[in-house]
Amino acid sequence: MKRENTRELQTPSLHIGGSAPVTVQTMCNTKTWDVEATVRQIRAMRAAGADIVRLAVPDTRSAMAIEQIKSEVDVPLVADIHFDYRLALLCAERGIDKIRINPGNIGDAENVRKVALACRERQIPIRIGVNAGSLERRLLEKYGHPTPEALVESAQGHIDLLLANGFEDICLSMKSSSVPLTVAAYRLASECFPYPLHLGITETGTEWNGTIQSAVGIGTLLMEGIGNTIRVSLTADPVREVSAGIAILKAAGLRKGGVRFVSCPTCGRTEIDLISLAEKTEAAVRDLDREITVAVMGCVVNGPGEAREADFGIAGGKDRGLLFRKGEVLGTYPYEELLPRLLDLIRESSES
Ligand code: SF4
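Counting restarts for each chain: residues are numbered from 1 in the order of the written sequence. Residue-level local features of this predicted model are given only where pLDDT is at least 70; pairs of side-chain atoms are given and counted only at 80 or more, and the full residue set underlies all totals for whole chains, interfaces and linings.

A. How the structure looks around the overall build of the protein. The helix and strand tally for the protein stands at twelve helices and 15 strands. If you line up the protein on its principal axes, its C-alpha atoms span 75 × 45 × 30 Å. Two residues qualify as being in contact provided that their C-beta atoms, derived from the backbone, are within 7 Å of each other. Long-range pairs, those at least 24 residues apart, make up 61% of the contacts in the protein between residues at least 6 apart in sequence. For the purposes of this entry, the term helix denotes a DSSP run of H or I that reaches at least four residues, the term strand denotes a run of E that reaches at least two, and both are numbered from the N terminus.

B. Region of the structure containing helix α7 (residues 179-192). Expected helix span is computed as 1.5 Å times (number of residues minus one). Between its first and last C-alpha, α7 extends 20 Å over 14 residues, near the 20 Å set by a 1.5 Å rise per residue. For α7, every residue scored as buried is listed here: L181, T182, V183, A185, Y186, A189 and S190. Buried residues in α7 make contact with α6 (148-163), β8 (170-175), β9 (198-199) and α8 (207-223). To assign burial, the other C-beta atoms lying within 10 Å of each residue's own C-beta are counted, with C-beta atoms placed from the backbone; 20 or more indicates buried, 12 or fewer indicates exposed, and intermediate counts indicate partly exposed.

C. Fine view of the packing of helix α2 (residues 60-72) against helix α3 (residues 85-93). Here, axes are lines fitted to C-alpha atoms. For helices the fit covers the stretch in contact, and angles between N-to-C directions go from 0 to 180 degrees. One way to put it is that α2 packs onto α3 with a least axis distance of 8 Å and a crossing angle of 15°. Taken together, the axes of α2 and α3 are roughly parallel relative to one another. In the packing of α2 onto α3, the handedness of the crossing is right-handed. Facing α2, whose interface residues are T60, A63, M64 and I66, α3 presents L87, L90 and C91. All residues other than Ala, Val, Leu, Ile, Met, Phe, Trp, Tyr, Cys, Pro, Asp, Glu, Lys and Arg, Gly among them, are scored as polar; the first ten of these are nonpolar and the last four charged. Among the residues forming the contact of α2 with α3, the class breakdown is six nonpolar, one polar and no charged. Working definition: roughly parallel below 35 degrees, roughly antiparallel above 145 degrees, roughly perpendicular at 65 to 115 degrees, and oblique for all remaining angles. Here is the rule for handedness: rotate from the far helix to the near one, and if that takes an anticlockwise turn smaller than a right angle the crossing is left-handed, while a clockwise turn gives right-handed.

This is the structure in structure tokens:
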């Protein structure tokens, strides 16, 4: 099922699935009970563009902190709960916007019923998070190892428990650390279930490796029309997950806005220090609240083409470069002047 045909979860604070835009989420690595540190981190995530933030709730004092945290931030919060249904009830009472819990892991049917009821009463969606690393023993015995079919069968078991209680505001994730397995599992899930899908590759490593794996895995699925919300998992500052997630959405054509930066890979024709110029330019324009394309190209062979197409552009020459604005050459300037002049141009254009 393509993303726009999935079930729509619409609550006062959240909109996932159906016609909703694909959202970017991340997860705090603070102790949730440490309200000050958690609020500080959530605000940094929000400033970076996070649409949804998840918090680990491993104990009662973390659950008790939810109300205070919610009163100090303006982003929907998800409680990540394993095994203890009472924590889910506490979070629901304290205004959480969504809960991640696997109903098959919280004990008997009565526990599931209580959680489903508490969430239904308050319009709190539940994400079932199937993970290849924690598949049920019976499924590992049946399939031999984590397979897409095993992950989907696991999801089906958890879903059935919620459906038995009349609860359908479900979101699903099917994560593993293998990109091919994860992609295949989500493809299968999208055929089997009508629920919105939370995409992610898990345990991908540090920023460089994790970003590449997530871009390939999440990007492949998004381009196929699968996936309603994404999380890039990195062993890094979680704020970096937000930037990576937004970059993936932009690359997939699912998010507009902000500066689009273009620069060439350099080659034997490059006669200026383009790498340094491109890095400095990208850093200087990255956070501008403008919908513009900025191009920094190495030479006058291919450079002017891209630079002309851009709203603002530089095409390098020997120790000098051409400056463009919407296809018009504004002049030739020494290397050191190129970036300051480009930034002046961008600034002036926003004032005019
Ligand atoms: S724009 Fe010019 S310098 Fe850059 S890669 Fe292309 S040919 Fe080489």
